[in-house]
Amino acid sequence: GESVGLHLPTLSVQEGDNSIINCAYSNSASDYFIWYKQESGKGPQFIIDIRSNMDKRQGQRVTVLLNKTVKHLSLQIAATQPGDSAVYFCAECGSGYALNFGKGTSLLVTP
Amino acid sequence: EPEVTQTPSHQVTQMGQEVILRCVPISNHLYFYWYRQILGQKVEFLVSFYNNEISEKSEIFDDQFSVERPDGSNFTLKIRSTKLEDSAMYFCASSELGQADSPLHFGNGTRLTVT
C-alpha cells in the first residue's frame, strides 16, 4: 500500500552544524507535504510545508526540498541548536484527505 | 500565538469504561481532527470534522468512537467500552482549511491508559 517513511531513525549532530532529515513517500498523488517537530510530552508542532508545484521552500533556519521524480522530501536545519533536539515527522496528504505521517527521525544535538 | 488545548493531560480508566477526551480548537479554525499515537509508533488519523459532521474517518474509528462539538468552542472524542489496545496519546488538531490545504495545529495530547 501507500506509505510514508524515513530513511534514518536517529540523527546525531553537533551544535552549530547543519542537519538534514530525509523522508521518502510512495504515493505519487501526494500534493501537500508537511514537516512536524515533536518534543517529548508535546504534540506535533508545524515547522514548514510545501506543495507539489514547488521544489524548495525556506523558512527561518529551515528549508524543505521536494524531489517528485524520486518521491523524496528533506528538511534542512541550519546552525542546529540544542532546542532543535526532537523527533521530526514528515507527513503527506494526497489521494485521501487524511494526513499520513511517517515514523519519525530522532534528532539529537550535542554540544 | 493561539493554540489547541486538551484536557485532561492524562486519563487512566479501567477496561470497559467510557472516557471523554476534550479539546478546545483554535477559535477561527473550521476543521477539527483527532489523531492518536501508540507508544513508539507513528501518528495515526482517526477522524476529521467539519460543519458539524464527520467528513472522513479511518478504519480505527469504529462504532466505539464518537465525536461531538457540543458548543462553539469544545470538540470531544468519546470512547465507549475502552479496550487495552486503546491506550495511546490522543491528539486533537484544528486547521483553517482542510488537511490538504493548510497545516494542522496540534494540542499536546491526552495520554490514555486503559488498565
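Residues numbered from 1 in each chain as written. Chains lettered and ligands numbered in written order. Predicted model: local features only at pLDDT ≥ 70, side-chain atom pairs only at ≥ 80, totals over all residues. Heavy atoms only, no water.

Peer 1: What am I meant to see in the state of the cysteines here?
Peer 2: Here is the idea: a disulfide is a covalent bond, and it sits between the sulfur atoms of two cysteines. Overall, the coordinates contain two disulfides over all chains when judged by the stated rule. Residue B:Cys23 pairs covalently with B:Cys92 via a disulfide, S to S 1.9 Å. Its S-S torsion of about -65° marks the bond between B:Cys23 and B:Cys92 as left-handed, since a negative value means left-handed. Of this pair, B:Cys23 sits in strand β3 (residues 19–24) while B:Cys92 is found in strand β9 (residues 88–95), placing the two residues 69 residues apart along the sequence. Each member of the pair, B:Cys23 as well as B:Cys92, is classed as buried. The structure places no disulfide on A:Cys93, whose sulfur is separated from the nearest cysteine sulfur, that of A:Cys90, by 13 Å. (Disulfide = S-S within 2.5 Å. Helix = DSSP H or I, 4+ residues; strand = E, 2+ residues; numbered from the N terminus. Buried < 20%, exposed > 50% of the residue type's maximum accessible area, 1.4 Å probe, protein only.)

Peer 1: Help me understand the pairing of strand β6 (residues 53–57) of chain B, please; the structure alone is not making it clear to me.
Peer 2: Each regular strand carries side chains that alternate between the two faces of the sheet. Residue and element names in this part refer to chain B. The sheet contact formed by strand β5 (residues 44–50) and β6 spans four bridges and is antiparallel. Paired with Ser 48 across the strands is Glu 56, a residue of β6. Taking the residues that link successive antiparallel strands as the turn, the β5-β6 hairpin has two residues, and the phi of Asn 51 there is positive, at about 55°. (Pairing = 2+ DSSP bridges.)

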